[in-house]
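# Observations on the three-dimensional arrangement
Here are the chains, one letter per residue:
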Amino acid sequence: MIKPKTEIPDLQVQLINDTQWSLYAQESETFTMIVFYRGLHCPVCKKYLQELSKKLDDFSERGVHLIAISCDSEERAKKAGEEWNISELPVGYELSIETARNLGLYVSEGISENEPDQFCEPGLFLVRPDNTLYASAIQTMPFARPQWEDILNAIDYITKNEYPARGGE
């Protein structure tokens, strides 16, 4: 598990638009927000990412870069991007299970034919421009995720008040 105020290793993934994304290449003004999602099989993820795609301008106005990442294969990730109508959202795929675990994400075994053999459970990281973790929310299930308005309000408060990262001890 990565603690707040510590550097996150460079995370690199392919995107469904056939480009590559790297955490260390981001030059956000405030944060890079990484949203880890379960994959194509998850209807809660679909709704969550659809809601996020409607807030892209709100995050951009606050200087936030963002990406959604899963352990899904390229085929499954591209299918989610098309079927979920989230083409404006950067979507990465093939996060390795080992990397997911190293980041502190929970990993589940598939329990139906619709699910991959293994996949990561949801997580959300706010990463400072210096690539240190500011905050994270990590779930063991698809439920009870941070709401986008709450995250936007938190970012406003953090930037206005220069609120420091907490929980690193």
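Structure report, in brief. (Residues numbered from 1 in each chain as written. Predicted model: local features only at pLDDT ≥ 70, side-chain atom pairs only at ≥ 80, totals over all residues. Heavy atoms only, no water.)

Once that is clear, we can look at a nonpolar patch on the surface. Nonpolar side chains collect at one region of the surface, where Val44, Met141 and Phe143 lie side by side and expose about 280 Å² of accessible area between them. For Val44, the position within the fold is in helix α1 (residues 43-53). Since its relative accessible area comes to 31%, Val44 is described here as partly exposed. (Patch = residues over 30% accessible without salt bridge, like charges linked within 9 Å, V, L, I, M, F, W, Y side chains within 5 Å. Areas by Shrake-Rupley, 256 points an atom, 1.4 Å probe, with all protein chains shown as cover. Salt bridge = Lys/Arg side-chain N within 4 Å of Asp/Glu carboxyl O. Helix = DSSP H or I, 4+ residues; strand = E, 2+ residues; numbered from the N terminus. Buried < 20%, exposed > 50% of the residue type's maximum accessible area, 1.4 Å probe, protein only.)

Grouped together as the largest cluster of nonpolar side chains are 32 residues, with contacts concentrated most on Met33, Leu49, Leu52, Phe59, Leu89 and Trp148. Secondary structure elements with two or more residues in this core: β3 (31-36), α1, α2 (56-61), β4 (64-69), α3 (74-83), β5 (91-93), β8 (123-127) and α5 (148-161). Core analysis: the second largest hydrophobic core is formed by 21 residues, Ile2, Ile97, Ala100 and Leu133 among them. (Core = buried A, V, L, I, M, F, W, Y, C linked by side-chain atoms within 4.5 Å.)

Turning our attention to the environment of Arg62. Relative to the helices and strands, Arg62 resides in the loop between α2 and β4. Sequence separation of Arg62 and Cys45 is 17 residues, and the distance between their C-alpha atoms is 24 Å. Arg62 has contacts with Thr30, Leu152, Ile155 and Asp156, leaving out every residue within four places of it along the chain. (Contact = heavy atoms within 4.5 Å.)

Turning to α1, a few remarks are in order. Buried residues of α1: Cys45, Tyr48, Leu49 and Leu52, and no others. Looking down the long axis of α1, one finds its buried residues gathered within 90° of arc, a one-sided arrangement. Facing away from the buried side of α1 by over 90 degrees, the exposed positions are Pro43 and Lys47. Taken together, the buried residues of α1 touch β3, α2, β4, β8 and α5. (Arc of directions from axis to C-beta.)

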